[in-house]
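Given next are the chains, with one letter for each unit.
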Amino acid sequence: MVMLTMAKGGVASNIPVIDMQDFPAQSGKLMDACREWGCFRIVNHGISQALMGEMKVVARSLLDLPVEIKLRNSNPVEGKGYTPLNKASSVFEGLGCYDMAAPGNLDKFFDQLCVSDPRQREIVTAYAKVIHDLGMDVGRKLLEGLGLSGDLFNGWPCQLRFNKYNYTPDYVGSTGAVLHTDPGFLTILQDDEIIGGLEAVRKDTGEYVPVDPMPGTLVVNLGDLAALWSNGRLWSVKHRVQCYEGSIRLSIALFVLGPKDGSLGAPEELVDSEYPRLYKPMNFEEYRMLRINTKSPTGAIELLRIESN
């Protein structure tokens, strides 16, 4: 049975709802959501609905640019620039700004796409700052929930992505993004406010749970590196995107990936007799390539599992 919790305006949510302005009171609820669901919805996150709406308009205008311009959105790291149609799926395309908080990277992204409108640049820059700050705050709250302290994601590269699903009436009932886990640590998603399709897999039952649109809120998904770093305490949620109706669907995502230098492994504080060390340490790029080479969008982390004695 799907659990319903209340979010903004008394609207029911199928996944846990976390009020970002109610900490430390919400800490236990946050950790339960991370352990049992691997995903949750956040409210009172500090990003205005006006900015979210403006950002969606800019994202649509950039995704509607001619293909020859979108192809300029490139990065030496594979998969961190433009994803054209028929690569991830026949209907999906996306634009990306890798390491978006690093000086100059947003300007490079704008220049690649010939963004000359100063207002568009202003909107994306403002949104990038607040969504990045929010990601850092979620990291601190996860540390506190596990009895640790500090800035977990300090210095980690993050990617800002604009996603477009080019749905048509004939595509209804098909899959826009195949079942997968995210390879990084966590994703903060501004989903389409009208058109649903995101579905999460419940850890306890394996059933698909629709994550329905809820304007003004954001969805957080934990990825494989969260499970690796937490020594299995946090759950990496499997999810997919289905086509519910034949109209364009947009989303905007911040991906908190992993440390730029060095491997990520469970800190000693999270290793004990109840939770012996589960996974070999690995950095994000090595793990991303492992997933690609093994063609394993869900379960590649099990290849890192340390065999018990």
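It should be emphasised that the depicted structure is a prediction, and the values quoted were computed from it without experimental measurement.

Cut-offs and rules
- Residues numbered from 1 in each chain as written.
- Predicted model: local features only at pLDDT ≥ 70, side-chain atom pairs only at ≥ 80, totals over all residues.
- Heavy atoms only, no water.
- Pairing = 2+ DSSP bridges.
- Helix = DSSP H or I, 4+ residues; strand = E, 2+ residues; numbered from the N terminus.
- Axes fitted to C-alpha atoms, helices over the stretch in contact; angles between N-to-C directions.
- Contact = heavy atoms within 4.5 Å.
- Phe/Tyr/Trp six-rings, centres within 6.5 Å; stacked < 30°, edge-to-face > 60°.
- Buried < 20%, exposed > 50% of the residue type's maximum accessible area, 1.4 Å probe, protein only.
- Lys NZ or Arg CZ within 6 Å of the ring centre and 35° of its normal.
- UniProt positions renumbered as here; feature names shortened; annotations may be inferred.
- Polar contact = N/O pair within 3.5 Å; in protein donor to acceptor, adjacent residues only side chain to side chain.
- Expected span 1.5 Å × (residues − 1).
- Arc of directions from axis to C-beta.
- Core = buried A, V, L, I, M, F, W, Y, C linked by side-chain atoms within 4.5 Å.

A.B. asks: Please clarify how the sheet that holds strand β6 (residues 158-165) should be interpreted in this entry.
C.D. replies: Adjacent strands of a sheet form backbone hydrogen bonds with each other and so pair up, either parallel or antiparallel. Taken together, seven strands build an open sheet; the order of strands is β3-β4-β11-β8-β13-β6-β5 and the sheet is mixed. The outermost strands of the open sheet, each flanked by one partner alone, are β3 (17-19) and β5 (92-98). The sheet shows a mean angle of 25 degrees between the axes of neighbouring strands, direction not considered. The strands touched by helix α4 (residues 105-112) within the sheet are β5 and β6, with β5 carrying the most contacts at an inclination of about 140 degrees.

A.B. asks: How should I be thinking about the packing of aromatic side chains in this particular structure?
C.D. replies: Each aromatic ring pair is described using two quantities: the centre-to-centre distance and the angle formed by the ring planes. Counted by the stated rule, this structure contains nine aromatic pairs. For the ring pair Tyr165 and Tyr167, a centre distance of 5.7 Å and an interplane angle of 35 degrees mean the geometry is tilted. As far as burial versus exposure is concerned, Tyr165 and Tyr167 are alike and both buried. Summarising the aromatic geometry, the rings of Tyr167 and Tyr171 are spaced 5.8 Å apart at their centres and angled 15 degrees between planes, so their arrangement reads as stacked. Site record: aromatic cluster; members linked through ring pairs are Phe92, Tyr165, Tyr167 and Tyr171. Over the ring of Tyr275 we find Arg233, and its NZ or CZ is 3.9 Å from the ring centre. For the cation-ring pair, Arg240 lies above Tyr208, with the distance from its terminal atom to the ring centre recorded as 3.6 Å.

A.B. asks: I tried to follow the UniProt feature "domain: Fe2OG dioxygenase" (unreviewed entry) in the chain on my own but got confused; where do I start?
C.D. replies: The UniProt feature table records "domain: Fe2OG dioxygenase" (unreviewed entry) at residues 156-258. With 6% helix and 42% strand, residues 156-258 has end C-alpha atoms that lie 6 Å from one another.

A.B. asks: Teacher, can you tell me more about the sheet that holds strand β10 (residues 208-210) here?
C.D. replies: Strand order in the open sheet formed by four strands is β7-β12-β9-β10, with antiparallel pairing between adjacent strands. Strand pairing shows two members of the sheet lacking a second neighbour, β7 (175-180) and β10, which therefore form its edges. Averaged over all pairs of adjacent strands, the angle between their axes in this sheet comes to 25 degrees, without regard to strand direction. Bridge count between β7 and strand β12 (residues 239-242): three bridges; the pairing is antiparallel. Note that in β12 the partner of Ala177 across the bridge is Val241.

A.B. asks: I would appreciate a short explanation of the side chain of Asn166 in the present structure.
C.D. replies: Position of Asn166 relative to the elements: it lies in the loop between β6 and β7. Reaching out from Asn166, the side chain makes a polar contact with the side chain of Glu93 at a distance of 3.2 Å. In contact with Asn166, not counting residues within four places along its chain, are Leu85, Val91, Glu93 and Ile248.

A.B. asks: Help me out: how do you make sense of helix α2 (residues 49-63) in this one?
C.D. replies: Given 3.6 residues per helical turn, the α-helix brings residues three or four places apart onto the same face. The end-to-end C-alpha distance of α2, which contains 15 residues, comes to 21 Å, matching closely the 21 Å that a straight helix rising 1.5 Å per residue would cover. Taken as a whole, α2 has its buried residues at Leu51, Met52, Met55, Lys56, Val58, Ala59, Leu62 and Leu63. Mapping the buried residues of α2 onto a view down its axis gives an arc of 165 degrees, with all of them on the same face. Across from the buried face of α2, at angles greater than 90 degrees, the exposed residues are Ala50 and Val57.

A.B. asks: For this particular structure, what's the right way to read the nonpolar core?
C.D. replies: Among soluble globular proteins, nonpolar side chains are generally buried collectively. One finds Ile131, Leu160, Phe162, Phe185 and Trp229 to be the most contacted residues of the largest nonpolar core, which totals 91 residues. At ten residues, helix α5 (residues 118-145) tops the list of elements feeding residues into this core. Those residues in contact with Phe162 that lie beyond four places of it in its chain are Met55, Ala59, Leu62, Leu63, Glu93, Gly94, Leu95, Phe109, Val124, Ser251 and Ile252.

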